[in-house]
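Remarks on the overall topology
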Amino acid sequence: MSVEMITLLFFGSLLFFLFLGVPLAFVLGGVSVVFLYFDWGPDAFYMVASNMWSTMNSFTLIAIPLFIFMAMLLERSGVARDLYHMMHLWWSGVRGGLAIGTVGICAIFAAMCGISGAAVTSMGTIALPNMLERKYDKEMALGAINAGGGWGILIPPSIIMILYALITGVSVGELFAAGIVPGLLLMVLVSLYIGIRCYFQPHLGPALPAEDRGSLKDKFIALRSVILPIFIVVIVLGSILAGVATATEAAAIGVFGALVSSIVYRRFSWEMLRESCVRTLRLTGMIMWILFAAHAFSTAYNSMGAQPMILEFMMSIPGGEWGALAAILIIIFLMAMVLDPLGIMLITLPVFLPIVTGFGFDPVWFGILFIIMMEIGYMTPPFGFNLFYLKGVAPPGVTMGDIYRSVIPYTAVEMFGLFLVILFPGIALWLPNLLMG
C-alpha cells in the first residue's frame, strides 16, 4: 500500500474515533498500536516502550502535577474573589472598567495557574453576574471572560508549554520567557478594545455611580489581596528566568506559596487540601496516559515514512515558507475548534515541527504562535472548550447564542495580536534572548 493511502487511513481513523467521542488516549494509542502491528509486527512495541521510558525519566515532567496542584489550591483559596473585589474598587469609575479589570484578573490568574479553565469558571461565577447586574452589555462581558480565560496556556507557567518543551526538546525557560510579552500584548489589545468601544458607546459598559466605587482607603486596603498572588508569580517565574531554579523546582516553590497564601487568608482546610489532591491526581493521570499514547503515535507516524511526503506537500504550497506557515496555523485553528490543545499538540507537532525547522523558523517562536492559535481556538465556536466552561457557570438568562456572538470581536482582536507576533518575531524572542542568550 502506498504511503499516501496509509497516511490517509491513519489520520482518517484518528479523526473518525475522536468525533465518535472516544477518549483521546485510547484513540491515539489504539490506532497507533494497530498500524504499528500491521506495519512492523510485534517488535515495534518495544520501540514504543523504550520511548515512553526515556520520557518518564525526564525531571521536567514532575513540574506538571506540581503546577496543577498549585492551580487547584489557588482556585479553592478564594484568591479570585479577593482579586475581583480589588479590581471592582479601582476600575468601577471607568467606562468598561469592570470588564477591563476582569481581563486583568484573568492575566494574573493565568500567571498563577497554568491552565485555561480556572479563570473562565472563576470569573464566570464571580464577575459575570456582577457586570450584568451593573447593566453591562451581555456580549461585552461574556467576551471579556472568554478571551482572558484562554491566556492560562500562554502566560507562564503553562502546562501546555511544558508539554511542548518535552515533545520538541526546546527549553522550558525559553518558552516561559517567550510567552510573557505576547501575553501582555494580548491583554493590552483586549483592554484597549473594551475601553475604546465603551468610551464611544457608554451603554455597553457604564461607569458605576460614585457611591459604589468605594473610598480611597477601601481601595488601598483591597490592594492587600494582590500581594501574595503577585509574590507567587514573582517567585515562580523569577526563579526560572533568573536561572535560580528549574521549572520543576519553581513549581514546588509555587505549591508552597499557594499553601501559605491559603493559610494567611484563613481559607485552608483539610477538605480543601483533599479535593485539590484528588483533582490533581485525576488531571495528571489523564495527561500521563495521553503522553503514553502520543509516543505510540509518534512511533507509528515515523515508521510509515509519511514525513517526507508531507514536507513535499508543504513545499508546494504557494508563498513558500510563509504560505506553509499560514497553512499550518489555519489547520491548528480549525482543529482547536473541536479538539483539546493537548491532543492537537500530540497529533500535529510530530508532523509540523520538522517542516517549521526545515524552513528555518525558530521553534520557540513557532511554539508561541502555536499556543496563541490554540488559545484562540479555545474560545471559538462551534466546540471551543471555553464556550462550554462559561455556559456551565453563566446565569440562566445567558444562552449559547449569546456566548457564540460575544467572541467575534475578541477573536478579531487576538488575531491582530497574532499577526503582530508573526510580523515582529522579537515580541516573542526578545525576552528569552535577553535573559538566556
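A quick note: this is a predicted structure, and the numbers were derived from the prediction, not measured.

**Things to note about the overall build of the chain**
Counting secondary structure elements, the chain contains 21 helices and zero strands. Expressed as a percentage of its 437 residues, the buried residues of the chain come to 55%. Here the analysis covers contacts within the chain between residues at least 6 apart in sequence; of these, 79% occur between residues at least 24 apart. Split by element, the accessible area of the chain, about 18300 Å² in all, is 70% carbon and sulfur.

**Overview of the nonpolar core**
Core analysis: the biggest nonpolar cluster contains 144 residues, and Ile-194, Ile-332 and Phe-366 have the highest contact counts within it. Setting aside its immediate chain neighbours within four residues, Phe-366 contacts Tyr-164, Leu-325, Ile-328, Ile-332, Leu-349, Leu-353 and Val-356.

**A few points about the packing of helix α8 (residues 138-149) against helix α20 (residues 400-423)**
Where α8 contacts α20, the two axes come as close as 8 Å, and the packing angle between them is 60°. With respect to α20, the element α8 is oriented oblique. Classified by chirality, the crossing of α20 by α8 is right-handed. Residues Lys-138, Glu-139, Met-140, Leu-142, Gly-143, Ala-144, Asn-146 and Ala-147 of α8 form the contact with α20, whose participating residues are Asp-402, Ile-403, Arg-405, Ser-406, Val-407, Tyr-410 and Glu-414. Looking at the contact of α8 with α20 residue by residue, the class counts come to seven nonpolar, three polar and five charged.

**A short note on unusual backbone geometry**
Positive phi, close to 70°, is recorded for Lys-135, a residue that is not glycine. Locating Lys-135 in the fold gives a position in the loop between α7 (117-133) and α8.

**What to know about the packing of aromatic side chains**
Inspection of the entire model under this criterion finds eight aromatic pairs. Plain terms: the ring middles of Tyr-193 and Tyr-410 are 5.2 Å apart, the flat faces sit at 75° to each other, and that makes the pair edge-to-face. Within this pair, whereas Tyr-193 is found in helix α10 (residues 172-200), its partner Tyr-410 is found in helix α20, the two being separated by 217 residues in sequence. Residue classification places Tyr-193 among the buried residues on the basis of a relative accessible area of 18%. Measuring from ring centre to ring centre gives 6.3 Å for Trp-322 and Trp-365, while their planes differ by 80°; the resulting arrangement is edge-to-face.

**Some points on a nonpolar patch on the surface**
A cluster of nonpolar residues, Val-33, Val-34, Tyr-37, Phe-38 and Phe-45, forms a patch on the protein surface that exposes about 500 Å² of accessible area. Per element, the largest residue contribution to the nonpolar patch is four residues, and it comes from helix α2 (residues 24-40). Structurally, Phe-45 is set in helix α3 (residues 44-56). Judged by its relative accessible area of 33%, Phe-45 falls in the partly exposed class.

Cut-offs applied
Residues numbered from 1 in each chain as written. Predicted model: local features only at pLDDT ≥ 70, side-chain atom pairs only at ≥ 80, totals over all residues. Heavy atoms only, no water. Helix = DSSP H or I, 4+ residues; strand = E, 2+ residues; numbered from the N terminus. Buried < 20%, exposed > 50% of the residue type's maximum accessible area, 1.4 Å probe, protein only. Contact = heavy atoms within 4.5 Å. Areas by Shrake-Rupley, 256 points an atom, 1.4 Å probe, with all protein chains shown as cover. Core = buried A, V, L, I, M, F, W, Y, C linked by side-chain atoms within 4.5 Å. Axes fitted to C-alpha atoms, helices over the stretch in contact; angles between N-to-C directions. Parallel < 35°, antiparallel > 145°, perpendicular 65-115°, else oblique. Left-handed = near helix turned anticlockwise from the far one by under 90°. Nonpolar A, V, L, I, M, F, W, Y, C, P; charged D, E, K, R; others polar. Phe/Tyr/Trp six-rings, centres within 6.5 Å; stacked < 30°, edge-to-face > 60°. Patch = residues over 30% accessible without salt bridge, like charges linked within 9 Å, V, L, I, M, F, W, Y side chains within 5 Å. Salt bridge = Lys/Arg side-chain N within 4 Å of Asp/Glu carboxyl O.

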